[in-house]
Every structure is written in structure tokens, then in C-alpha cells.
Amino acid sequence: MTKVKLGEVCEIAAGGTPLRNKKDYWENGDIPWVKIKDIKSKYVSYVEEYITEIGFNSSSAKIFPKGTILYTIFATIGEVAILDIDATTNQAIAGISLKSNDILKEYLYYFLLSIKDKVKLDSRGVAQNNINLTYLRNIEVPIVNLDKQSKICVELGSINHLIDRRKKQIKELSNLVKSRFYEQFGDLSTNPYGFPIVYLSEIAEYYNGLTY
């Protein structure tokens, strides 16, 4: 196994944000613009906001092609995703494009996920956590042969699939709890069953915590 710096095997660049007070930079835009909130799973195929061509040309935004790895570098650190569309991003997200045939994209995706806690720890100590592109370029990536990379990706992909299924089950169970509650008590805002209503202070004691 060898190690290489991320900047040696990838092109890395940050995005940009057109001025918000310029309506013609945003209204009726058709260029996808990714922000951290849009990174919810392994792939980004949907965004909430779009910019116009004028907004794109008037800012530091860049078009990252489908397949680019996205990495959050400001405020929320270390979130990773792969673009499933051509898109721009804000400046809190870096686009990472492989320029080496010795690394599989999914292998790099999983590696970046694996170091999230370390990167978050390194980002502390400023008013709002962040890392810069220099830090990102200097991250050392362990390189194994492509067959082993492929096996690692298959194994981790299976684990991620199980995690996603469990998350879905938990969400469904949460919805079931809410449904059962409404069946038993109805909508509390209208109290259709006429249950007695009391203040919390009448039946419980509660305290605030302290900050030192």
C-alpha cells in the first residue's frame, strides 16, 4: 500500500454564490446550484435552487460534471456525495475530480467518508468550523490495487444498503407511532374526545441546565 496526496491525483476547486440581491442571477434559472442541505445521500440528483447563466458568469461558480465528488469544507464539515447531474455549488462545497486511473471513484468516496471525524476535529478552533483547499489537497489517500479497491467498494456498498434500509424502517416505525397516537387521542389542537387539559407545571417538575 502506498499513500498519495489528494491534490496529486485529483483536481479540486470550490464553488461560488451569485449575489442574492440580483434577481436576474436567480429567477427562472436552469443551472443546478448545490448547497450543503442538498447533500442527503450518496448521490446528488436533485437541488432546491437554480442560477441563471448571467448569475453563473457573474460569480465564481463552476460547472462540476456528473460524477464529481462533492466535499463540504465550511460550517458542516466532511459531508461527501457524488454528483448525479452537472451542477454548480456554493463556496462551502468543493468539487473533487479524479485525474488518475489508479483510484476508483467509489473507493475515494468511501475513504473520504471514513476520515470525517478526523477532518471535523482538525477544523475546530475558529468561529465557524472550516477547512481550506490546501488542507484538502494535502489529505493522504491510501492506495491499494484496483481489485482490492473494488472489493472494498462492494463490501461497503452492501453495508450502506443495509443502513439505508434500517433508516427507512425507523422512519416507517416513527410514522406508525404518530398514526397510533392520533387513533387514540385524535388531533390535540381540537381535542375531539374532550380529554382534560392541564399545564405541564401542574403534573411535573422541570429544570434548566447550566452553562459554565
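Residues numbered from 1 in each chain as written. Predicted model: local features only at pLDDT ≥ 70, side-chain atom pairs only at ≥ 80, totals over all residues. Heavy atoms only, no water.

1. What about the nonpolar core?
Line of reasoning, step 1. Among the nonpolar cores identified, the biggest contains 30 residues, and Leu6, Tyr71, Ile96, Leu108, Leu112 and Leu136 are the most heavily contacted of them.
Line of reasoning, step 2. When residues of this core are traced back to their parent elements, those giving at least two are α1 (6-9), β2 (10-14), β6 (69-74), β7 (76-83), β9 (93-98), α3 (105-114), α5 (133-137) and β10 (140-143).
Line of reasoning, step 3. Broken down by element, the residue count for this core peaks at six residues, all from α3.
Line of reasoning, step 4. Those residues in contact with Leu112, other than ones at most four positions away along the chain, are Leu6, Ile69, Tyr71, Val80 and Ile96.
Line of reasoning, step 5. Counting residues in each nonpolar core, the second largest holds 11 residues, with Ala13, Ile39, Ala81 and Leu83 among its members. (Core = buried A, V, L, I, M, F, W, Y, C linked by side-chain atoms within 4.5 Å. Buried < 20%, exposed > 50% of the residue type's maximum accessible area, 1.4 Å probe, protein only. Helix = DSSP H or I, 4+ residues; strand = E, 2+ residues; numbered from the N terminus. Contact = heavy atoms within 4.5 Å.)

2. Thoughts on the pattern of salt bridges
Line of reasoning, step 1. Summed over all chains, the structure comprises nine salt bridges.
Line of reasoning, step 2. Salt-bridge contacts for Glu11 lead to Lys99; the nearest nitrogen and oxygen are separated by 3.9 Å. Here Glu11 is found in strand β2, whereas its partner Lys99 is found in the loop between β9 and α3, with 88 residues between them in sequence.
Line of reasoning, step 3. Overall, Lys99 belongs to the partly exposed group, its relative accessible area being 48%.
Line of reasoning, step 4. Ionic pairing is found between Glu48 and Lys37, a salt bridge with its closest N-O pair at 3.7 Å. A residue pair is termed long-range when its members are at least 10 positions apart, and Glu48 in the loop between β4 (43-44) and β5 (49-51) and Lys37 in the loop between β3 (31-34) and β4 qualify at 11 residues. (Salt bridge = Lys/Arg side-chain N within 4 Å of Asp/Glu carboxyl O.)

3. A look at the packing of aromatic side chains
Line of reasoning, step 1. A full pass over the atoms with the stated rule returns three aromatic pairs.
Line of reasoning, step 2. Seen in terms of ring centroids, Tyr109 and Tyr110 are 5.0 Å apart; in terms of plane orientation they differ by 70°. Their pairing is edge-to-face.
Line of reasoning, step 3. Looking at Tyr109, the relative accessible area reads 4%, which means it is buried.
Line of reasoning, step 4. Their ring planes at 75° and their centres at 6.0 Å tell us that Tyr193 and Phe195 sit as a pair that is edge-to-face.
Line of reasoning, step 5. Taking relative accessible area as the criterion, Phe195 reaches 35% and is therefore assigned partly exposed. (Phe/Tyr/Trp six-rings, centres within 6.5 Å; stacked < 30°, edge-to-face > 60°.)

4. Some points on the sheet that holds β5
Line of reasoning, step 1. In spatial order, the strands read β5-β3-β8; together these three strands make up an open sheet with mixed pairing. Each of the sheet's edge strands pairs with one partner strand only, and the pair in question is β5 and β8 (88-89).
Line of reasoning, step 2. Here β3 pairs with β5 via three bridges, running antiparallel. By the bridge assignment, Ile31 is partnered in β5 with Ile51. (Pairing = 2+ DSSP bridges.)

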